[in-house]
Amino acid sequence: MTTLDLKKLTSCGSDWESNQYKILIRVREWLSNFHKNRLFPSIEEAIQLNLALEDLLRENIESKLWFDNEIRGQNGHERVVVFEKAHQIGNQLDKLLNFIDWALQLNRPILEEGRIIKNFVEENLSILRISSVQKNYQGKGYFCVPDNKNEMINIYLYEIIWDWSQEDLYQQIHSLLVRSIPMNSITSSIEELITEFIRTSQDLHEPVAYIFETDLDFPYEETMFPIAEEMLLKHLAS
């Protein structure tokens, strides 16, 4: 799925009807994914579109206000000449602002539906620390997430990375799948399974470990795993 090029869609002289169709097609794709409980990456794309549209709206409203003030500040013949040019530019600005407002209104219920699904999953997905240690060893540890749809338990090695590339320092989580175990082959509790896995693993010394529990069988890669990752990162940062 290609990313919407909002800069191209809102460029001067755009075919607004064609651009509306492109956004409408993408929004319908997101909505179709949500109806199948496939949350990612659709919800992230919808959020990014909303943020970009709001930025464009602010920028162009400021431009329109500045432009109107400039026209009122002209006198005599200069004002007539400026007004003729302003009329053309003003029409383009109005079309752009109408397009942005239309796209924001179209995207708003998509964001709301995505938020409802995400909240529902978070409310039905619990996280539990099972290790005796509370702190990460060099920002690393283990966690497991059940894939109820495919009847698997997936164990991950995670690492917390500090991102210094942005103006504000923030944390990222990188996860590596280290083992997948069929549920029908497990004869002990999940806690005992992960504890035994950690005991025999030589990767980390006294690692912190978490398990996620849920009865949901939503799509794993598109919904359950990314939400579990996000919940773990928030938990570790709290």
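Above this text you will find the structure in question.
Note that the structure is predicted; figures quoted are calculated from it, not measured.

J.: Would you mind going over the sheet that holds strand β4 (residues 170–182) with me for this structure?
T.: Either a parallel or an antiparallel arrangement is found when strands of a sheet pair, and the pairing is made through backbone hydrogen bonds. Here five strands make up an open sheet; going across it, the order is β1-β5-β2-β3-β4 and the pairing mixed. For this open sheet the edge positions go to β1 (126–129) and β4, each flanked by a neighbour on one side alone. When the angles between neighbouring strand axes are averaged without regard to direction, this sheet yields 25°. Across eight bridges, strand β2 (residues 140–147) lies against strand β3 (residues 152–163) in antiparallel orientation. Within β3, the position partnered with Tyr 142 by the bridge is Leu 157. Of the strands in this sheet, β1, β2, β3, β4 and β5 (208–213) touch helix α5 (residues 190–200), which is tilted by about 150° from β5. The sheet contacts of helix α6 (residues 220–237) involve β1, β2, β3, β4 and β5, and relative to β4 the element is tilted by about 130°.

J.: Please explain the nonpolar core as it appears in this structure.
T.: Burial of nonpolar side chains together is a common tendency in soluble globular proteins. Core analysis: the largest hydrophobic core is formed by 40 residues, its most contacted members being Phe 143, Tyr 158 and Phe 212. Those elements that place two or more of their residues in this core are α2 (16–35), α3 (42–72), α4 (76–123), β2, β3, β5 and α6. Residues Cys 144, Ile 153, Leu 193 and Ile 194 belong to the second largest nonpolar core, which totals 13 residues.

J.: Is there a simple way to explain the pairing of β5 in this structure?
T.: Side-chain positions along a regular strand alternate between the two faces of the sheet. The buried count for β5 comes to five of six residues, which makes it a mostly enclosed element. Here β1 pairs with β5 via four bridges, running antiparallel. What sits directly across from Arg 129, in β5, is Tyr 210. With four bridges connecting them, β2 and β5 associate as parallel partners. In the sheet register, Cys 144 faces β5, and the bridge partner there is Ile 211.

J.: Looking at this structure, I do not really get the packing of aromatic side chains. What am I missing?
T.: Geometry of an aromatic ring pair is reported as the spacing of the ring centres plus the angle between the planes. Following the criterion strictly, the structure yields nine aromatic pairs and no others. A centroid spacing of 5.5 Å and a plane angle of 90° characterise the contact between Tyr 142 and Phe 197, whose relative ring orientation is edge-to-face. A residue pair is termed long-range when its members are at least 10 positions apart, and Tyr 142 in strand β2 and Phe 197 in helix α5 qualify at 55 residues. Assigned by exposure class, Tyr 142 and Phe 197 land together as buried.

J.: How should I be thinking about the pattern of salt bridges in this particular structure?
T.: A complete count under the given rule lists seven salt bridges for this structure. Among the ionic pairs, Arg 115 bridges to Glu 112, the shortest N-O distance being 2.4 Å. Placement of the pair is Arg 115 and Glu 112 together in helix α4, with a separation of three residues, close to one helical turn. In this structure Arg 115 comes out as partly exposed when scored by relative accessible area, which is 40%. When its relative accessible area of 36% is taken as the criterion, Glu 112 is described as partly exposed. Connected through shared salt-bridge partners, Lys 118, Glu 122, Glu 230 and Lys 234 make up one network.

J.: I would appreciate a short explanation of the side chain of Asn 154 in the present structure.
T.: Looking at the secondary structure, you find Asn 154 in strand β3. Polar contacts involving the side chain of Asn 154 include one to the side chain of Ser 180, which spans 2.7 Å. Polar contacts involving the side chain of Asn 154 include one to the side chain of Tyr 220, which spans 3.2 Å. Once residues within four sequence positions are removed from consideration, Asn 154 is found in contact with Phe 143, Cys 144, Val 145, Asp 147, Leu 177, Arg 179, Ser 180 and Tyr 220.

J.: Looking at this structure, I do not really get the environment of Lys 36. What am I missing?
T.: Looking at where Lys 36 falls in the secondary structure, it is placed in the loop between α2 and α3. Sequence-wise, Lys 36 and Pro 219 are 183 residues apart; in three dimensions their C-alpha atoms are separated by 8.2 Å.

J.: Help me understand α6 in this model?
T.: Since the α-helix packs 3.6 residues into each turn, any two residues three or four apart lie on the same face. In this model α6 runs 24 Å from its N-terminal to its C-terminal C-alpha over 18 residues, within 8% of the 26 Å that 1.5 Å per residue would give. All of the buried residues along α6 are Tyr 220, Thr 223, Met 224, Phe 225, Pro 226, Ile 227, Ala 228, Glu 229, Met 231, Leu 232 and Leu 233.

Conventions used here
- Residues numbered from 1 in each chain as written.
- Predicted model: local features only at pLDDT ≥ 70, side-chain atom pairs only at ≥ 80, totals over all residues.
- Heavy atoms only, no water.
- Pairing = 2+ DSSP bridges.
- Helix = DSSP H or I, 4+ residues; strand = E, 2+ residues; numbered from the N terminus.
- Axes fitted to C-alpha atoms, helices over the stretch in contact; angles between N-to-C directions.
- Contact = heavy atoms within 4.5 Å.
- Core = buried A, V, L, I, M, F, W, Y, C linked by side-chain atoms within 4.5 Å.
- Buried < 20%, exposed > 50% of the residue type's maximum accessible area, 1.4 Å probe, protein only.
- Phe/Tyr/Trp six-rings, centres within 6.5 Å; stacked < 30°, edge-to-face > 60°.
- Salt bridge = Lys/Arg side-chain N within 4 Å of Asp/Glu carboxyl O.
- Polar contact = N/O pair within 3.5 Å; in protein donor to acceptor, adjacent residues only side chain to side chain.
- Expected span 1.5 Å × (residues − 1).

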